[in-house]
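An overview of the molecular structure
So you can see what is in the structure, the chains are spelled out below.
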Amino acid sequence: MKSLIVIPARYGSKRFPGKPLAELGGKAILQRVWDVAASVCAERGDCEAVVATEEPAASGEGSARIVAYCRSHGIPVEITPASCRSGSDRVWAVAAARPEKPEVLLNLQGDNPLCPPQFLHALLDAFEAHPETMVATAYTRLDWAALEALREAKRTSPFSGTTVIVGRDGNAKWFSKNIIPAIRGEEKLRAQSALSPVCRHVGLYAYQFAALAFFSQAPQGEYEALEQLEQLRFLENGIPVRMVPVTYPEWLDAGAGGVDSPEDLARAEKILARAGGRSA
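A few points on the structure. (Residues numbered from 1 in each chain as written. Predicted model: local features only at pLDDT ≥ 70, side-chain atom pairs only at ≥ 80, totals over all residues. Heavy atoms only, no water.)

Quick look at the state of the cysteines
Stated formally: By disulfide we mean two sulfur atoms from cysteines, separated by a distance within 2.5 Å.
Overall, the coordinates contain one disulfide when judged by the stated rule. Here Cys 70 stays free of any disulfide, with the sulfur of Cys 41 as its closest cysteine sulfur at 15 Å.

Side note on the nonpolar core
Which entries qualify depends on this criterion: Joining through side-chain atoms within 4.5 Å is the link that ties buried Ala, Val, Leu, Ile, Met, Phe, Trp, Tyr and Cys residues into a set, and such a set is a nonpolar core. For each residue, the accessible area found with a 1.4 Å probe, counting protein chains only, is set against the maximum for its type, and the residue is called buried under 20%, exposed over 50%, and partly exposed in between. Strands are runs of DSSP state E lasting at least two residues, helices are runs of H or I lasting at least four, and both sets are numbered from the N terminus onward. Residues are treated as being in contact if the distance between any of their heavy atoms lies within 4.5 Å.
Counting residues in each nonpolar core, the largest one holds 52 residues, and the members touching the most others are Ile 5, Val 51, Leu 106, Leu 108, Leu 120 and Leu 204. When residues in this core are grouped by element, the largest group, eight residues, is from helix H1 (residues 29-44). Apart from the residues lying within four places of it in its own chain, the contact partners of Leu 108 are Ile 5, Val 6, Ile 7, Pro 8, Val 33, Val 36, Ala 37, Cys 115, Leu 120 and Leu 204.

Observations regarding the pairing of strand S7 (residues 135-143)
Here is the rule: We treat two strands as partners when DSSP finds at least two bridges between them.
Of all nine residues that make up S7, seven are buried, and the element is covered over most of its length. With eight bridges connecting them, S7 and strand S10 (residues 195-208) associate as antiparallel partners. Paired with Arg 141 across the two strands is Cys 199, which belongs to S10. Where S7 and strand S11 (residues 241-245) come together, five bridges link them in parallel fashion. Of the residues in S11, the one forming a bridge with Thr 137 is Met 243.

Re the packing of H1 against helix H5 (residues 117-129)
Here is the rule: Angular values range over 0 to 180 degrees, each being the angle between N-to-C directions of two axes fitted as lines to C-alpha atoms, with helices fitted over their stretch in contact. Every angle not falling under 35 degrees, over 145, or within 65 to 115 is termed oblique; those three ranges are roughly parallel, roughly antiparallel and roughly perpendicular. For any pair of crossing helices, the crossing counts as left-handed if the nearer helix is rotated counterclockwise from the farther one by less than a right angle, and right-handed if it is rotated clockwise.
With their axes 9 Å apart at the nearest point, H1 and H5 run at an angle of 45 degrees to one another. As summarised for this structure, H1 and H5 are arranged oblique, according to the angle between their axes. Between H1 and H5 lies a crossing whose hand is right-handed. Across the interface between the two elements, Val 36, Ser 39, Val 40, Glu 43 and Arg 44 from H1 touch Pro 117, Leu 120, His 121, Leu 124, Asp 125 and Glu 128 from H5.

A word on the layout of surface pockets
Defined as follows: Only protein atoms enter the 1 Å grid, on which a cavity is a set of points fitting a 1.4 Å probe that cannot get out and a pocket is an open set with protein on both sides within 12 Å along at least 5 of 7 lines, lining residues being those with an atom within 4 Å of a point. Grid points are joined across faces, edges and corners, and a volume is the space filled by probe spheres set on the points. Polar here means any residue other than Ala, Val, Leu, Ile, Met, Phe, Trp, Tyr, Cys and Pro, which are nonpolar, and Asp, Glu, Lys and Arg, which are charged; Gly is therefore polar.
The space that makes up the largest pocket amounts to roughly 1,400 Å³. Lining the largest pocket are 45 residues, with Arg 15, Asp 111, Gln 228, Glu 230 and Asp 260 positioned closest to its centre. Of all the secondary structure elements, the ones that give two or more residues to the lining of the largest pocket are helix H4 (87-96), S10 and helix H9 (222-227). Broken down by element, the residue count for the lining of the largest pocket peaks at five residues, all from S10. Of the residues belonging to the lining of the largest pocket, the class tally is 13 nonpolar, 17 polar and 15 charged.

Description of the packing of aromatic side chains
We count it as follows: Side-chain rings of Phe, Tyr and Trp, where Trp is taken by its six-membered ring, are said to pair if the distance between their centres is within 6.5 Å; with planes under 30 degrees apart they count as stacked, over 60 as edge-to-face, and otherwise as tilted.
Counted according to the given criterion, the structure contains six aromatic pairs. Measuring from ring centre to ring centre gives 5.0 Å for Trp 92 and Phe 209, while their planes differ by 55 degrees; the resulting arrangement is tilted. Within this pair, whereas Trp 92 is found in helix H4, its partner Phe 209 is found in helix H8 (residues 209-217), the two being separated by 117 residues in sequence. Residue class for Phe 209 comes out partly exposed when judged on its relative accessible area of 22%. Relative to Tyr 207, the ring of Tyr 205 has its centre 6.4 Å away and its plane inclined at 15 degrees; by these criteria the two rings are stacked. Accessibility expressed as a relative area gives 8% for Tyr 205, which makes it buried.

A look at the side chain of Arg 98
To be explicit about the condition: N or O atoms closer than or at 3.5 Å make up a polar contact, with two conditions inside protein: a donor-capable atom paired with an acceptor-capable one, and, for residues adjacent in sequence, both atoms drawn from side chains.
Note on placement: Arg 98 falls in the loop between H4 and strand S6 (104-108). A polar side-chain atom of Arg 98 sits 2.9 Å from a polar atom in the side chain of Glu 78.

Looking at the environment of Thr 162
Mapped onto the elements, Thr 162 comes out in the loop between helix H6 (144-156) and strand S8 (163-166). With 19 residues separating them along the chain, Thr 162 and Pro 181 place their C-alpha atoms 12 Å apart. Once residues within four sequence positions are removed from consideration, Thr 162 is found in contact with Phe 175, Ser 176, Lys 177, Cys 199, Arg 200, His 201, Leu 229 and Gln 231. A distance of 3.1 Å separates a polar atom in the side chain of Thr 162 from a polar atom in the side chain of Lys 177.

Side note on the pattern of salt bridges
To keep things clear, this is the line we draw: Salt bridge criterion: a side-chain nitrogen from Lys or Arg within 4 Å of a carboxyl oxygen from Asp or Glu.
All told, the structure shown has 18 salt bridges when counted by the stated rule. Notably, a salt bridge pairs Lys 2 with Asp 46, separated by 3.8 Å at the nearest N-O pair. Of this pair, Lys 2 sits in the segment before strand S1 (3-8) while Asp 46 is found in the loop between H1 and strand S4 (47-54), placing the two residues 44 residues apart along the sequence. For Lys 2, a relative accessible area of 16% puts it in the buried group. A relative accessible area of 43% means that Asp 46 is categorised as partly exposed. A salt bridge links Arg 242 to Glu 132; its shortest N-O distance comes to 3.1 Å.

Shape descriptors only; they carry no functional weight alone.
What follows is the structure, given as structure tokens:
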């Protein structure tokens, strides 16, 4: 199965300008993400990886810095149109220009430096095990301590961290920047299980070529615009999103999400320090 891992990396983030090149544990966030993608491609074989950034006109000198960093570190990089509104749009811009179309496209956000490589393998394996899958993404069920940490994080960064409702069929029912579901009778549930009913979405997506082609031409959904969650465009158009359960390694906790803000970077630094500086 021919696969392409695209790493969207924008310099001009409103919440955290320049974050792809911000350092985490002495290494650029973008470098850490690239190392994950490169390791997966090395193991799987028929796989490529590339960074996708925006046109210089869209970000001033910012994207030029990303291009310069990639080229100086031997990382393939492509410049995508300023009209791209999301990471998925950037993945599509790269894929559509390829003479040989990949079967599966994987969107590894450039602000997800602690993503374990096995998560990417799990998504790619899902397409091999379930060929009917159009879109897949990962999630992890939070224990009560991780849920408390997410609640605390949202006090300062309310739009960092996404939760998801997973149906019995293994597909997503809904995603939100709020913590869903609301929980009544929490004390009783805590006594019954070490796991909470909350599932945290891991911001990692894989698509069949045709699914991303649809996404690229479909208008932004109403709830997608409100939540600023691009995966809702699929749900709002009746396209199932297969949820793939993943488990964080022992040294890495479920709070290791994407870096959306300086506060997230500080949390990631603490996670990395507890892990002795090892890479995902």
